[in-house]
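# Fold and contact review
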Amino acid sequence: MCIFNYQSGSRDNSPVFKRRSFIKTLIAFPLGLILASSTLSWANPPTSEVNTTGLAVTDDTVTVGILHSVTGTMAISETGSVQAEKLAIDQINAMGGVLGRKIEYIQEDGASDWPTFAEKSKKLLVNDKVAAVFGCWTSASRKAVLPVFEQYNGMLYYPTFYEGLEQSPNVIYTGQEATQQIIAGIDWVVKEKGAKTFYLLGSDYIWPRTSNKIARKHIEKLGLKVVGEEYYPLGHTQFNSVINKIKLKKPDVIYAIVVGGSNVAFYKQLKAAGIDLTKEKPLLLTISVTEDEILGIGGENIEGAYAAMKYFQSLDNPNNQAFVQAFKDKWGKDIVIGDVTQAAYLGPWLWKAAVEKAGSFDIDKIRAASPGIELTTAPEGYVRIHENHHLWSKTRVGLAQRDGQYKVVYESEELIEPNPFPVGYQ
Amino acid sequence: MFEEYSMAELTDILFMQGFAGLILFSVLVLMALGLAIIFGQMGVINMAHGEFMILGAYTTYLTSHIFETYLPALFDGYFFVAMALAFLVCFALGVLVEWGMIRFLFKRPLDTLLATWGLSLILQQSYRTVFGAREVGVTLPEWMMGSYAMTETIEVPINGIFVMVLTLFIASGVYFLMFRSLWGKQVRAVVQNRPMAGAVGIDTGKVDRYTFGIGCGIAGIAGSAFTMIGSTGPTSGQLYIVDTFLVVVFGGAQSLIGTIASAFTISQSQSTLEFFLSGSMAKVITLLIVVGILMLRPQGLFALKIRQ
């Protein structure tokens, strides 16, 4: 609907504003008559009521944005999120949409380039007036779009597990923040496997470093020992030296947060060096390898490793079975679903719930309505939005199998409270 | 840092660390040979080198699938077929690229940089379209993935030995081709004096085409071998390109011996430093050493002496 398309900055320009809604009412009136005369009902609340800030909402559609990298390095990871968001939107539309309006989406490509993310998010918010954006994957891309979302008051649903230390009124974080993922995993490995010594390893950027910092604090708090901590540049492909060091130090647990292409090199070389993960000493615990990454690594190379995250494709509950089936029906039977893909799937559903609770598409009303929203239909089970815009969720530990799936060996009893600013861990 | 370990443990680790350095050395040589041939003999900087490597990796991936489906009995040996195919496919694409693009840019060497960079982007997006954005897993025969235990603690990765043997084989092949064959003589003649080489009846265009093709073909073999140690995805080639250029430039652009010497220096300092420092610091210091030496010897470690 580009007739309502004016320049940025008109948010506080009230005369234009009034004129706009006046025009809109004028248009909406005859439109409503037409709709009434066709079989559509009057049950849909009128657009002027549910949309007072000029978002792209009409009497029968609402437009949202999808902003991920489908080209460039990050396309490997972000493809799954795009697929999940489209599936959720399709399913919501099949159920009748949101407030009686079908969801339409505009997809933009961030092209693995952070300034492009910022530019595209501005385009979505200012030109397209989208009612919500589902997108971003890396923390760098999220940090790049954050000022844009705060300036133009948009709402971003961000799917990736990440390092925490952030809380924005304009972002709902549907993945886990670091403490949720790390602490439960370490507690489990200490209690169940009797681990005493840890070797921390990661790719060299903010997420692995922050996460290992939290892990180290927690390990030391438990009175146990970190025998080594190391970082390798992103894209590093030679891990023989560090594997030798691990052999020398003989830790009980290798705590690995290696990402991207390095992952493949790391696990292949670990296996080639004779470290058999199925023997459980040393045991490997990771928070960065989902089923998506195993596709590239190969199940036979990572068999026996443990991963701590909130979702595995093999989770045994009716929600998840339906989700996996629908996902495969839409995107092909060989596809795998990782933690982030599931978190991306939650985005549109959480937004729908917030809109319906608020009875409005207005960003401010959605923000006010969001805390406390529950989703009982989530594939991972039950989730609830916390006041800090993160999700209460359970943490699970999975054991990597030869076929590339995880077998769930542990699930936290309670939902774990998100705590993006953990005191005593920084 | 070593007081808590016994002498025997330390010797074992020293041995394994030395071996890790040798593996890294072989990997670097294998990566750089193809680029060194093209850069050294033609003066063309092939920015798409990494993408040719990944083409080799994808060829291996497809071959493994064909063997798994149609010839499961021969699966243990598929890797050799895959490497040969990788060479052929990359050689063919290399010849095509030279014919369609590079030969028009000979007078403008800097433009080849831009053109081959463009080519690398085109190839990346083609891989993404054909094979999907996600990484693919190449299944390897079981015998290639284990390790050979020499003693209780010394374990030698079999794929490491494989890469070392392969590198030796390819490097001596290249040596033979360049310095012991008629074709090599022609290549060297063209490098030293193109007009005169043409005047004595050497088809310089053909020499260039096959030089480029062979360089790309070797990149393909390298890519195929690296499915054992690295990832196979549309942009995986980017992981290797920086190290490759580092080796070639540091070694001296026109010298194959220089490439080998430089790979040796870089790999040994890298793996020694990695052992005593963390990975990122090791990289930083290695790069500083390289920069320092290049400031003193801008032509690289070895430079070909030719009359200007």
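Residues numbered from 1 in each chain as written. Chains lettered and ligands numbered in written order. Predicted model: local features only at pLDDT ≥ 70, side-chain atom pairs only at ≥ 80, totals over all residues.

## Let's talk about the overall build of chain A
Selection rule: Only runs of H or I of at least four residues qualify as helices and only runs of E of at least two qualify as strands under DSSP, and these elements are numbered from the N terminus. What counts as a contact is two residues whose backbone-derived C-beta atoms lie within 7 Å of each other.
Each helix and strand counted, chain A has 14 helices and 15 strands in total. In chain A, the proportion of contacts linking residues at least 24 apart, taken out of those at least 6 apart, comes to 70%.

## Re the overall build of chain B
Stated precisely, the cut-off is as follows: Throughout, the radius of gyration refers to the C-alpha atoms, and the reference size of a globule is 2.2 Å times the residue count to the power 0.38. With C-beta atoms placed from the backbone, a residue counts as buried when 20 or more other C-beta atoms lie within 10 Å of its own, as exposed when 12 or fewer do, and as partly exposed for counts between those limits.
For chain B, the count of helices and strands is eleven helices and two strands. Ordered by position in the sequence, the α and β elements of chain B form the string α-α-α-α-β-β-α-α-α-α-α-α-α. By the compact-globule yardstick of 19 Å for 308 residues, chain B fits well, its C-alpha radius of gyration being 20 Å. Principal-axis analysis of the C-alpha atoms places the extent of chain B at approximately 70 × 55 × 35 Å. Counting every position in chain B, which comprises 308 residues, the buried fraction comes to 48%. The long-range share in chain B, meaning contacts at least 24 apart out of those at least 6 apart in sequence, stands at 77%.

## What to know about the pairing of strand S11 (residues 374–378) of chain A
All names here are of chain A. Worth spelling out the cut-off: Whether two strands pair depends on DSSP finding at least two bridges between them.
Strand direction decides the pairing type here: S11 and strand S12 (residues 381–385), joined by three bridges, are antiparallel. The residue bridging Ala378 from the neighbouring strand is Gly381, located in S12. Remark: two residues form the turn of the hairpin made by S11 and S12, two consecutive strands paired antiparallel.

## Section: the sheet that holds strand S3 (residues 133–135) of chain A
Residue and element names in this part refer to chain A. Using the following cut-off: Helix axes are fitted only over the stretch in contact, all axes being lines through C-alpha atoms; the angle between N-to-C directions runs from 0 to 180 degrees.
A sheet is described by the order of its strands in space; here five strands give the open sequence S2-S1-S3-S4-S5, paired in parallel fashion. Of all strands in the sheet, those bounded by a partner on one side alone are strand S2 (102–109) and strand S5 (171–173). With strand direction ignored, the average angle separating the axes of adjacent strands in the sheet is 25°. Where strand S1 (residues 61–68) meets S3, three bridges bridge the pair, whose relative direction is parallel. Counterpart to Ile66 in the pairing with S3 is Phe134.

## Details of the nonpolar core
Short version of the rule: To count as a nonpolar core, a set of buried Ala, Val, Leu, Ile, Met, Phe, Trp, Tyr and Cys residues must be joined through C-beta atoms within 7 Å. In this document the domain limits rely on a domain assignment from an automatic tool or a database.
Counting 200 residues, the largest nonpolar core has Tyr255(A), Leu350(A), Leu28(B), Ala32(B) and Cys90(B) as the members making the most contacts within it. Broken down by element, this core gets its largest block of residues, 20 residues, from helix H1 (residues 7–42) of chain B. Shared between two domains, this core takes at least three residues from each, and those domains are domain 1 (2–176 + 337–392) and domain 2 (178–309 + 394–411) of chain A.

## Thoughts on the environment of Ser271(B)
Mapped onto the secondary structure, Ser271(B) falls in helix H10 (residues 256–276). Here the alpha-carbon distance between Ser271(B) and Phe25(B), two residues 246 residues apart in the chain, equals 9.6 Å.

## Looking at the interface of chain B and chain A
What counts here: Amino acids are sorted into nonpolar (Ala, Val, Leu, Ile, Met, Phe, Trp, Tyr, Cys and Pro), charged (Asp, Glu, Lys and Arg) and polar (every other residue, Gly among them).
Counting from both sides, the interface comprises 40 residues of chain B and, opposite them, 34 residues of chain A. Those elements that provide at least two residues to the side of chain B that touches chain A are H1, helix H4 (109–131), strand S1 (147–149), strand S2 (155–157), helix H5 (158–179), H10 and helix H11 (279–296) of chain B. Counting residues per element, the side of chain B that touches chain A draws most heavily on H1(B), at eight residues. Partitioned by chemical class, the residues of the side of chain B that touches chain A number 17 nonpolar, 16 polar and seven charged.

## Notes on the domain arrangement of chain A
Residue and element names in this part refer to chain A. Considered domain by domain, chain A is made up of domain 1 (2–176 + 337–392) and domain 2 (178–309 + 394–411). Opposite the 14 residues of domain 1 that make contact, domain 2 presents 13 residues. Listed by contribution, the elements that provide at least two residues to the side of domain 1 that touches domain 2 are helix H3 (75–94) and helix H13 (339–358).

## Details of the environment of Ala368(A)
Within the secondary structure, Ala368(A) is located in helix H14 (residues 363–369). Overall, the presence of 13 C-beta atoms within 10 Å leaves Ala368(A) in the partly exposed class.

## Digging into the confidence of the model for chain B
In plain terms, the rule: pLDDT measures the predictor's confidence residue by residue and takes values from 0 up to 100.
Predicted confidence across chain B gives a mean pLDDT of 86, with 96% of residues reaching 70 or more. ipTM for the predicted complex: 0.81, alongside a pTM of 0.83.

## Details of the packing of H5(B) against helix H6 (residues 182–192) of chain B
All names here are of chain B. Going by this rule: An angle below 35 degrees is read as roughly parallel, one above 145 as roughly antiparallel, one from 65 to 115 as roughly perpendicular, and any other as oblique.
Relative orientation of the contacting elements H5 and H6 amounts to 70°, with a least axis distance of 5 Å. Taken as axis vectors, H5 and H6 run roughly perpendicular relative to one another. Contacts from Leu177, Met178 and Phe179 in H5 reach Trp183, Gly184 and Val187 in H6. Here the contact of H5 with H6 is built from residues that sort into five nonpolar, one polar and no charged.

## Some details on the sheet that holds S12(A)
Residues and elements named next belong to chain A. Strands sit in the order S11-S12-S13 across an open sheet of three strands; the sheet is antiparallel. Edge positions in the sheet fall to S11 and strand S13 (391–392), since each of these pairs with one other strand and no more. Strands S11 and S12 of the sheet are contacted by H13, whose axis makes an angle of about 135° with S11.

## A word on the environment of Gln405(A)
Residue and element names in this part refer to chain A. With respect to the helices and strands, Gln405 occurs in the loop between strand S14 (396–400) and strand S15 (406–411). In this structure, the C-alpha to C-alpha distance between Gln405 and Ile294, residues 111 residues apart in sequence, is 8.1 Å. The residues contacting Gln405, other than those within four sequence positions of it, are Glu291, Gln313 and Ser314.

## Looking at helix H9 (residues 237–251) of chain B
A turn of α-helix holds 3.6 residues, and therefore any two residues three or four places apart point the same way. Put simply, the rule reads: Multiplying one less than the number of residues by 1.5 Å gives the expected span of a helix.
The terminal C-alpha atoms of H9(B) lie 21 Å apart, and with 15 residues this matches the ideal 21 Å at 1.5 Å per residue to within 8%. Of all 15 residues in H9(B), twelve are buried; the element is thus mostly enclosed. Buried within H9(B) we find Gly237(B), Leu239(B), Tyr240(B), Ile241(B), Asp243(B), Thr244(B), Leu246(B), Val247(B), Val248(B), Val249(B), Phe250(B) and Gly251(B). Its buried side turned inward, H9(B) meets helix H9 (261–272) of chain A together with H1, helix H2 (49–70), H10 and H11 of chain B. Gly252(B) sits one or two residues past H9(B) and shows a positive phi near 100°.

## Section: the packing of helix H8 (residues 240–249) of chain A against H10(B)
Filter applied, for reference: Here a crossing is called left-handed whenever its near helix is offset anticlockwise from the far helix by less than a right angle, and right-handed whenever the offset is clockwise.
Between H8(A) and H10(B), the shortest axis-to-axis distance is 9 Å and the interhelical angle comes to 35°. Judged by the twist between their axes, the crossing of H8(A) over H10(B) is right-handed. Residues Ser241(A), Val242(A), Asn244(A) and Lys245(A) of H8(A) touch H10(B), and the partners they reach there are Ser271(B), Glu274(B) and Phe275(B). A breakdown of the residues in the contact of H8(A) with H10(B) according to their chemical character gives two nonpolar, three polar and two charged.

## Examining the pairing of S15(A)
Residues and elements named next belong to chain A. Pairing of S14 with S15 involves five bridges; the strand directions are antiparallel. For Val397, the partnering residue across the bridge sits in S15 and is Tyr410. The turn linking S14 back onto S15 is made up of five residues, and Gly404 within it adopts a positive phi angle of 90°.

## Thoughts on unusual backbone geometry
With the exception of glycine, most residues fall at negative phi, and the peptide bonds are largely trans. A positive phi angle is found at Leu99(A), which is not glycine, with a value near 50°. With respect to the helices, strands and loops of the structure, Leu99(A) is situated in the loop between H3 and S2.

## Here's the deal with the confidence of the model for chain A
Residue and element names in this part refer to chain A. Here chain A shows a mean pLDDT of 87. Residues at 70 or above account for 90%. The element-level mean pLDDT for chain A is lowest in helix H1 (residues 14–37), coming to 48, with strand S4 (residues 156–158) highest at 97. The low-confidence segment residues 1–18, where pLDDT is below 50, has eight contacts with residues more than four positions distant or belonging to other chains. Per-residue pLDDT stays below 50 along residues 29–42; that stretch engages in five contacts with residues further than four places along the chain or on separate chains.

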